[in-house]
Amino acid sequence: MTSKEMEARSGVPRANIRYYESEGLLSPARAKNGYRDYSEADLAALEKIKLLRRLGVGVEELRALRRGSRSLAEVLDSRMAALAGERGTLERVEQVCGELRRSGQTFETLDPGPCLSALDAPALPAAEGAVWWKAPPAPALPETDALPVYTGLTRRLLARLFDEYGLLWVLLAAIALTGHNPALTSGLALQFAVQVIWLFLEPLLLRLFGATPGKALLGLRITGRDGENLTYSQGFTRHLMLLWHGEGLFIPIWSWIQMLRTARRCWNDEPQPWDEGTAYEAAPFRPLRHAGALALAAALILVCSEAANSFSQLPPNRGPLTVAEFAENYNRQAAYIDPSSAWRLDEAGAWQRLPDSPWTVAAYRDGIVQGMDIHYTLEGGAVRAVTLERRMENRQGATFFLPADTVAAAFTALAWSREDTPLWTGGRKPVINDLAERDWSGGFTLRGNGASITWEVESRNFYIDRDGFMAAPTDDGDNFLSCRCTIALEG
């Protein structure tokens, strides 16, 4: 029979049944699907346990009965002796209360000495002819006979999503602070990194605090059977079981099957396999407070992550720039915008090729890729303007000269170096966004962040695509192309 049928026939809640099983008092078989399969013998054993526990027999004594190391008579004799002591104590308390009441003393005049001596006196003899005027209710099963098992699907799922996505945003912020563009990071690699980090981080958090950030915000806590925090190994084992039974190790189709099984266990008020042997407690749910705490924490993570991302996009050198400082800024911005770019500037501000890519080397050797000459306008030793230009005449074959990323890197290297450049990307990105949408086959001028971009094109028998990615001669004998971009500080 199932746990639900066992509960209905015995009158013992499933939480208590699971507790007795975890204490070794019940040993149900397992069906092929992994669910418990209780027998009639299990039901008979549970009813015996129910009776003896309601009589006050301890779990340790029940184990001894199951092992056969103690007889039922010995256990009952011990219990009756304990009850006699409890009864004598209660009678002594009743007698002292009556005598104290009849004495007419007040709290101010109360002399506790004689009363304390009477309470510590030997047990009073049983009164002859004592009558129970009202039969006391039968004692229920002790509340300690069940580990707390919270099965609410929504709160548990929200807590896990907050933990994993919060860690993802923290990881993105960390990547940004290292100077790399998080937008260019593989999504699959990020998810894998989150799972690996969380595999080792969650057991540590449970060991130290008994909760993760998401669980704490939603009033959830996980402890061991003794009420103490889980050990690291217990938390690690729990997480491994969760990965298999709850998320199917992210194996296609199988993961969905495991997640549906997880949801069904929650709906049936059954513990998850990774929660057995632990106490999963939940504070009363207060929607406004818990939702507000989650929203506030999520907003804090997002703000901090965006601050880190915004800061990481600023060039390393600020204020008036020398040519060498501009070159350092440009190289940093070019690597951030397009790590595959093969153009960098040396300390003198001249172009140099990166030899890492065989395709790049071959492309330059064969003249397929053409760079843009660079010139500087200085004022008091500081760069005030940068000019990029390229001139081709009587060209044969298409040329890839990639001005868009080069111009974006040069603009951010110069314009974003100003002291009044805003921290947040929202105040800096309009020019870059507008630049990405421009038609590079014709001229245009853009202004923003205290600088301007002027793009000029002159051509004869030359085709330039809108993105400025490729230029191709339409006449192999007579063609001409001149491109010029000036990035200048204003004011």
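Residues numbered from 1 in each chain as written. Predicted model: local features only at pLDDT ≥ 70, side-chain atom pairs only at ≥ 80, totals over all residues. Heavy atoms only, no water.

Draft legend 1. Examining the overall build of the protein more closely. Scanning the protein from terminus to terminus reveals 16 helices and 13 strands. Over its C-alpha atoms the protein spans a radius of gyration of 39 Å, topping by over 25% the 23 Å that the globule rule assigns to 491 residues. With respect to the principal axes defined by its C-alpha atoms, the protein has extents near 130 × 65 × 35 Å. Counting all 491 residues of the protein, 40% fall into the buried class. Once local pairs closer than 6 in sequence are excluded, the contacts in the protein between residues at least 24 apart make up 63%. Entry remark: accessible area of the protein is about 27,300 Å², with carbon and sulfur atoms responsible for 60%. Each charge sign in the protein was given a centre, from 51 positive and 59 negative side chains, and these centres are 6 Å apart. (Helix = DSSP H or I, 4+ residues; strand = E, 2+ residues; numbered from the N terminus. Rg over C-alpha atoms; globule rule 2.2 N^0.38 Å. Buried < 20%, exposed > 50% of the residue type's maximum accessible area, 1.4 Å probe, protein only. Contact = heavy atoms within 4.5 Å. Areas by Shrake-Rupley, 256 points an atom, 1.4 Å probe, with all protein chains shown as cover. Lys, Arg positive; Asp, Glu negative; His and termini not counted. Charge placed at Lys NZ, Arg CZ, Asp CG, Glu CD.)

Draft legend 2. Broad picture of the nonpolar core. Phe326, Phe411 and Ile453 are the most contacted members of the largest nonpolar core, which has 41 residues in total. The leading source of residues in this core is helix α15 (residues 403-415), at eight residues. If sequence neighbours within four positions are ignored, Phe326 has contacts with Leu321, Leu345, Ile374, Tyr376, Val383, Val386, Ala410, Ala413 and Leu414. Judged by nonpolar contacts, the second largest core, of 20 residues, contains Val12, Tyr19, Leu25 and Leu46. (Core = buried A, V, L, I, M, F, W, Y, C linked by side-chain atoms within 4.5 Å.)

Draft legend 3. A nonpolar patch on the surface, seen in detail. A cluster of nonpolar residues, Phe192, Val196, Phe200, Leu204, Leu208, Phe209 and Tyr232, forms a patch on the protein surface that exposes about 700 Å² of accessible area. Along the polypeptide, Val196 turns up in helix α8 (residues 187-209). Note on Val196: relative accessible area 34%, which makes it partly exposed. (Patch = residues over 30% accessible without salt bridge, like charges linked within 9 Å, V, L, I, M, F, W, Y side chains within 5 Å. Salt bridge = Lys/Arg side-chain N within 4 Å of Asp/Glu carboxyl O.)

Draft legend 4. Representation of the pattern of salt bridges within the structure. For the structure on display, the rule yields 22 salt bridges. The closest approach of N and O atoms between Glu456 and Arg484, which form a salt bridge, is 3.9 Å. In this pair, Glu456 is assigned in strand β10 (residues 451-460) and Arg484 in strand β13 (residues 480-489), connecting sequence segments 28 residues apart. Given the relative accessible area of 41%, Glu456 is considered partly exposed. You can call Arg484 partly exposed: its relative accessible area is 35%.

Draft legend 5. Region of interest: the layout of surface pockets. Within this model, the largest pocket holds a volume of roughly 760 Å³. Taken together, 29 residues make up the lining of the largest pocket; nearest its centre are Leu157, Arg160, Gly246, Glu247 and Met259. Listed by contribution, the elements that provide at least two residues to the lining of the largest pocket are α7 (153-177), α8, α10 (232-246) and α11 (254-267). Take the lining of the largest pocket: its biggest share by element is nine residues, from α7. In the lining of the largest pocket, the residues fall into 16 nonpolar, six polar and seven charged. (1 Å grid on protein atoms, 1.4 Å probe; cavity = no way out; pocket = protein on both sides within 12 Å on 5 of 7 lines; lining within 4 Å. Points joined across faces, edges and corners; volume = space filled by probe spheres on them. Nonpolar A, V, L, I, M, F, W, Y, C, P; charged D, E, K, R; others polar.)

Draft legend 6. Broad picture of the pairing of strand β7 (residues 373-379). The sheet contact formed by β7 and strand β8 (residues 382-393) spans seven bridges and is antiparallel. What sits directly across from Leu378, in β8, is Val383. Remark: two residues form the turn of the hairpin made by β7 and β8, two consecutive strands paired antiparallel; Gly380 in that turn has positive phi of roughly 65°. (Pairing = 2+ DSSP bridges.)

Draft legend 7. Just the state of the cysteines, in detail. Within this structure, the stated rule accounts for zero disulfides. The closest cysteine sulfur to the non-disulfide-bonded Cys115 is located on Cys97, 8.8 Å from its own sulfur. (Disulfide = S-S within 2.5 Å.)

Draft legend 8. Representation of helix α13 (residues 323-337) within the structure. For α13, spanning 15 residues, the distance from its first C-alpha to its last is 21 Å, which sits close to the expected 21 Å at 1.5 Å a residue. Among the residues of α13, Val323, Phe326, Ala327, Asn329, Tyr330, Asn331, Arg332, Gln333, Ala334 and Tyr336 are the ones counted as buried. (Expected span 1.5 Å × (residues − 1).)

Draft legend 9. Highlighting the packing of aromatic side chains. Applying the stated criterion to the full structure yields nine aromatic pairs. Considering the side-chain rings of Tyr150 and Tyr280, the 6.4 Å spacing of their centres and the 40° angle between planes classify their relative orientation as tilted. Here Tyr150 is found in the loop between α6 (112-119) and α7, whereas its partner Tyr280 is found in strand β4 (residues 279-282), with 130 residues between them in sequence. Each residue in the set Phe200, Tyr232 and Phe236 is aromatic and connected to the rest through ring pairs, giving one cluster. Here the basic side chain of Arg428 rests over the ring of Trp416, its NZ or CZ set 4.6 Å away from the ring centre. (Phe/Tyr/Trp six-rings, centres within 6.5 Å; stacked < 30°, edge-to-face > 60°. Lys NZ or Arg CZ within 6 Å of the ring centre and 35° of its normal.)

Draft legend 10. Fine view of the environment of Tyr20. Considering the arrangement of structural elements, one finds Tyr20 in helix α2 (residues 14-22). Assessed through its relative accessible area of 0%, Tyr20 is described here as buried. On a C-alpha basis, the gap between Tyr20 and Ala146 in space is 8.0 Å, while along the polypeptide they are 126 residues apart.

Draft legend 11. Representation of the environment of Ile374 in the model. Relative to the helices and strands, Ile374 is located in strand β7. On the basis of relative accessible area, Ile374 is assigned to the buried category, the value being 14%. Between the C-alpha atoms of Ile374 and Arg484, which are 110 residues apart in sequence, the distance is 9.8 Å. With residues up to four places along the chain from it excluded, the contact list for Ile374 reads Phe326, Leu345, Gly349, Trp351, Val386, Thr387 and Leu388.

Draft legend 12. Here's a closer look at the packing of helix α3 (residues 40-54) against helix α4 (residues 59-67). Contact pair α3 / α4: the axes reach a minimum separation of 11 Å and the direction vectors enclose 140°. Looking at the two axes, α3 sits oblique to α4. The way α3 lies across α4 gives a crossing that is right-handed. Here Ala45, Ile49, Leu52 and Arg53 of α3 lie close against α4, whose contacting residues are Val59, Leu62, Leu65 and Arg66. For the contact of α3 with α4, the class distribution of residues is six nonpolar, no polar and two charged. (Axes fitted to C-alpha atoms, helices over the stretch in contact; angles between N-to-C directions. Parallel < 35°, antiparallel > 145°, perpendicular 65-115°, else oblique. Left-handed = near helix turned anticlockwise from the far one by under 90°.)

Draft legend 13. View of the sheet that holds strand β9 (residues 444-448). Pairing is antiparallel across the open sheet formed by five strands, whose spatial order is β7-β8-β13-β10-β9. Whereas interior strands pair on both sides, the edge strands pair on one side only; in this sheet they are β7 and β9. Neighbour-to-neighbour, the strand axes of this sheet turn through a mean angle of 10°, independent of strand direction. With five bridges connecting them, β9 and β10 associate as antiparallel partners. Bridging across to β10, Leu446 finds its partner in Ile453. Docked against the sheet, α13 engages β7 and β8, running at close to 130° with respect to β7.

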